[in-house]
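# Structural features, examined
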Amino acid sequence: MKFKHLLLLVVAGFLAWIWFGNRACELPKLPADATILAFGDSLTQGVGASRGNDYPTILAELTGLNVVNAGISGETTAEGAKRFAAELDKANPDLVLLLEGGNDFLRNLSEQQAEANLATMIVQAQSRDIAVVLIAVPQKSVWLAPADLYARLAEQYQLSWIEATLTELLGSPELKSDSVHLNEQGYRRLAEQIQSHLQQAGAL
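These figures come from a predicted structure and were not determined experimentally.

## Some remarks on the environment of Arg51
Examined against the element boundaries, Arg51 turns out to sit in the loop between helix 2 (42-45) and helix 3 (55-63). Once the C-alpha coordinates of Arg51 and Glu184 are considered, the two residues, 133 residues apart in sequence, prove to be 9.7 Å apart.

Take a look at the structure:
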């Protein structure tokens with residue numbers, strides 16, 4: 001009997017992780033001429049795929065919206081925080097997709113500082129009334145799992161966030177071009193999941 005109760009708790013916990021791990025908090029409806037700023041590192045730039053097969057380009061095709069690819073390969077959150085305001089000025093977006101932190105983890109940089117850098121970017125966007133969707137990156141470990149800092153940021157700043165998707169994609173060898181990057185199929189899956197998330201949150 002105890003085993004059955006334990007099993008039910010495990011199943012309930014797994015279902016909760018799926019539900020809350022891709023929490024589509026309500027987002028403002030995007031206008032037909034909206035601009036989305038996809039900000040991040042190599043996973044945004046599209047390393048591992050041919051030109052035009054990065055996730056922002058595919059997302060633009062799926063949604064019919066203008067999606068700006070502001071990804072720079074190898075960038076840390078500290079470097080991202082330095083250029084974020086300028087990218088907001090340039091793109092004047094209605095929504096930001098923030099996917100960064102992987103290079104901090106790979107280089108064993110401070111997780112606390114990465115969290116602070118991401119918080120700086122989130123505050124800069126929110127101060128301009130720009131909605132942010134936070135996309136969690138898995139931390140460096142034997143078992144892929146999203147870093148805890150994304151959950152804390154999502155809660156603190158009441159963000160719509162995508163926690164589980166990237167971890168699941170990077171855990172699938174057939175969707176990867178190397179140990180840390182997606183391939184064309186993987187980037188398409190990511191774009192499709194982001195589109196679905198935006199629909200659920202009311203942005204599309």
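From this point, the discussion proceeds with the structure in view.
## Looking at the sheet that holds strand 2 (residues 66-71)
Ordered by their spatial adjacency, 5 strands build an open sheet running 2-1-3-4-5, and the pairing between neighbours is parallel. The open sheet has two free edges, formed respectively by strand 2 and strand 5 (160-162), since each of these has just one partner strand. The average angle at which neighbouring strand axes cross in this sheet is 20°, direction not considered. As paired elements, strand 1 (residues 35-40) and strand 2 share 6 bridges and run parallel to each other. Across the sheet, the residue bridging to Leu37 is Val68, located in strand 2. Across the face of the sheet, helix 4 (residues 77-91) comes into contact with strand 1, strand 2 and strand 3 (95-99) while running at roughly 165° to strand 1. Along the sheet, helix 9 (residues 184-200) contacts strand 1, strand 3, strand 4 (131-135) and strand 5; its crossing angle with strand 5, the most-contacted strand, is approximately 155°.

Conventions we followed
Residues numbered from 1 in each chain as written. Predicted model: local features only at pLDDT ≥ 70, side-chain atom pairs only at ≥ 80, totals over all residues. Heavy atoms only, no water. Helix = DSSP H or I, 4+ residues; strand = E, 2+ residues; numbered from the N terminus. Pairing = 2+ DSSP bridges. Axes fitted to C-alpha atoms, helices over the stretch in contact; angles between N-to-C directions. Contact = heavy atoms within 4.5 Å.

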